[in-house]
Amino acid sequence: MSLRKADGISSAQQTLDILYDMSQLLGTQLDKETLATCIGMIESGVNPEALAAVIQELRREGASIAARTTADATPQGGRQSRAGR
């Protein structure tokens, strides 16, 4: 690997590390791999605001599904059926 290419990779890694630290300070809840994917998408021309909106919608949907799953697993009112008494 050429010295120039190695320097470019090192610089990109440092940039990702800095952006990850910033995202943690801002409470984005993005892991480093997801952040790198988002950065790559933006570099490829994806609108950052649209990407942020999609991420927020996916989080809302995930929370909604988790809430439904939890509600389905919880007995209604904590009551036992007659057979269980």
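Refer to the structure presented above.
The shown structure was predicted, so the numbers you read here are calculated from the model rather than taken from an experiment. (Residues numbered from 1 in each chain as written. Predicted model: local features only at pLDDT ≥ 70, side-chain atom pairs only at ≥ 80, totals over all residues. Heavy atoms only, no water.)

What the chain contains, in helices and strands, is 3 helices and 0 strands. The order of α-helices and β-strands along the chain, N terminus first, is α-α-α. By residue count, 8% of the 85 residues in the chain fall in the buried class. With an accessible surface of roughly 7,100 Å², the chain has 57% of that area assigned to carbon and sulfur atoms. (Helix = DSSP H or I, 4+ residues; strand = E, 2+ residues; numbered from the N terminus. Buried < 20%, exposed > 50% of the residue type's maximum accessible area, 1.4 Å probe, protein only. Areas by Shrake-Rupley, 256 points an atom, 1.4 Å probe, with all protein chains shown as cover.)

By volume, the largest pocket is sized at about 180 Å³. For the largest pocket, the full set of lining residues is Thr-28, Leu-30, Leu-35, Cys-38, Ile-39, Ile-42, Pro-48, Leu-51, Ala-52, Ile-55, Gln-56 and Arg-59. Where the lining of the largest pocket is concerned, the elements lending two or more residues are helix H2 (32-43) and helix H3 (48-73). A total of 6 residues in the lining of the largest pocket trace back to one element, the largest contributor, which is H3. In terms of residue class, the lining of the largest pocket is built from 9 nonpolar, 2 polar and 1 charged. (1 Å grid on protein atoms, 1.4 Å probe; cavity = no way out; pocket = protein on both sides within 12 Å on 5 of 7 lines; lining within 4 Å. Points joined across faces, edges and corners; volume = space filled by probe spheres on them. Nonpolar A, V, L, I, M, F, W, Y, C, P; charged D, E, K, R; others polar.)

This part is about the packing of helix H1 (residues 3-25) against H2. Running from N to C, H1 and H2 point in directions that differ by 110°, and their axes come no closer than 10 Å. With respect to H2, the axis of H1 lies roughly perpendicular. Our pair here, H1 against H2, has a crossing hand that is right-handed. Within the contact between the two elements, H1 uses Gln-13, Leu-16, Asp-17, Leu-19, Tyr-20 and Ser-23 and H2 uses Lys-32, Leu-35, Ala-36 and Ile-39. Grouping the constituent residues of the contact of H1 with H2 by class yields 6 nonpolar, 2 polar and 2 charged. (Axes fitted to C-alpha atoms, helices over the stretch in contact; angles between N-to-C directions. Parallel < 35°, antiparallel > 145°, perpendicular 65-115°, else oblique. Left-handed = near helix turned anticlockwise from the far one by under 90°. Contact = heavy atoms within 4.5 Å.)

Attention now goes to the packing of H2 against H3. The axes of two packed helices give the description: the angle between them and the distance between them. The interhelical angle for the contact between H2 and H3, taken along N-to-C directions, is 145°, at an axis separation of 10 Å. The hand of the H2/H3 crossing is right-handed. Contacts between H2 and H3 pair Cys-38, Met-41 and Ile-42 from the former with Pro-48, Leu-51 and Ile-55 from the latter.

To continue, consider H1. For H1, spanning 23 residues, the distance from its first C-alpha to its last is 33 Å, which sits close to the expected 33 Å at 1.5 Å a residue. Phi turns positive one or two residues past the end of H1, at Gly-27, with a value near 70°. (Expected span 1.5 Å × (residues − 1).)

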